[in-house]
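Listed below, chain by chain, are the residues.
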Amino acid sequence: MSCNRHKIHFLRELIPSFECEPGCHDCCGPVTTSAEEMARLPRKSQAEQVAALERLDCVHLGPNGCTVYEERPMICRLFGTTPRLACPRGRGPEQMIDPAAEQLVHQFIATTRQVLV
């Protein structure tokens, strides 16, 4: 396992989880993610990518929500867990992410090659 894969696993464990509002996709827009996280996701065709971008949706957003929820990128996992990326519907974990942990996630994002999902 690569160094970044270990970091990704470690950082994902620091991000608290919570239940999203069923049917909500307010935070499922196009995002960037590390090349390592992107490699874990199913490949989509150029046509699927263009269509999603035109709708300002994530290419992995299906009719019933995120089709890659268990492997979703860290930036997606952060939504709703920090005041900086608050859920527009007021959802979130009982305890928000620790600010030091959030800083580690942002440092990882800032120091890795990012690609458009």
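Just above sits the structure.
On a predicted model such as this, the values are computed, not experimentally measured, just so you know. (Residues numbered from 1 in each chain as written. Predicted model: local features only at pLDDT ≥ 70, side-chain atom pairs only at ≥ 80, totals over all residues. Heavy atoms only, no water.)

A. The overall build of the protein chain, seen in detail. Regarding its fold elements, the protein chain presents five helices and four strands. The helix and strand sequence of the protein chain, counted from the amino end, reads α-β-α-α-β-β-α-α-β. As presented, the protein chain carries roughly 7400 Å² of accessible surface, and 53% of it is formed by carbon and sulfur atoms. Taking the average location of the 13 positive side-chain charges in the protein chain and that of its 14 negative ones, the two points are 6 Å from each other. (Helix = DSSP H or I, 4+ residues; strand = E, 2+ residues; numbered from the N terminus. Areas by Shrake-Rupley, 256 points an atom, 1.4 Å probe, with all protein chains shown as cover. Lys, Arg positive; Asp, Glu negative; His and termini not counted. Charge placed at Lys NZ, Arg CZ, Asp CG, Glu CD.)

B. Main features of the environment of arginine 77. Among the secondary structure elements, arginine 77 is positioned in helix H4 (residues 74–78). Since its relative accessible area comes to 13%, arginine 77 is described here as buried. Placed 55 residues apart in sequence, arginine 77 and proline 22 show a C-alpha to C-alpha distance of 16 Å. Ignoring any residue separated from it by four or fewer positions in sequence, one finds arginine 77 in contact with Arg12, Ile15, Tyr69, Glu70, Glu71 and Arg72. (Buried < 20%, exposed > 50% of the residue type's maximum accessible area, 1.4 Å probe, protein only. Contact = heavy atoms within 4.5 Å.)

C. Examining the packing of aromatic side chains more closely. Here the structure, examined in full by the defined rule, presents zero aromatic pairs. Above the ring of tyrosine 69, the side-chain terminus of arginine 72 is found at 3.8 Å from the ring centroid. (Phe/Tyr/Trp six-rings, centres within 6.5 Å; stacked < 30°, edge-to-face > 60°. Lys NZ or Arg CZ within 6 Å of the ring centre and 35° of its normal.)

D. Local environment of the pattern of salt bridges. In total, this model carries seven salt bridges according to the counting rule given. Glutamate 21 is the partner of arginine 89 in a salt bridge, and the nearest nitrogen-oxygen pair spans 2.8 Å. One end of the pair, arginine 89, is in the loop between H4 and helix H5 (99–111); the other, glutamate 21, is in the loop between helix H1 (3–14) and strand S1 (32–34), and 68 residues separate them in sequence. Classification of glutamate 21 as partly exposed rests on a relative accessible area of 27%. Between glutamate 102 and arginine 84 there is a salt bridge, and its shortest N-O distance comes to 3.7 Å. (Salt bridge = Lys/Arg side-chain N within 4 Å of Asp/Glu carboxyl O.)

E. Region of interest: H1. Along its 12 residues, H1 runs 17 Å from first to last C-alpha, staying within 8% of the 16 Å computed at 1.5 Å per residue. The inward-facing, buried residues of H1 contact S1, helix H2 (35–39), H4 and H5. (Expected span 1.5 Å × (residues − 1).)

F. Region of interest: the nonpolar core. In terms of nonpolar packing, the biggest core is built from 18 residues, with Ile15, Met74, Leu78 and Val105 touching the most fellow members. Elements supplying a minimum of two residues to this core: H1, H4 and H5. If near-sequence neighbours (up to four positions away) are discounted, valine 105 is found in contact with Leu11, Ile15, Met74 and Leu78. (Core = buried A, V, L, I, M, F, W, Y, C linked by side-chain atoms within 4.5 Å.)

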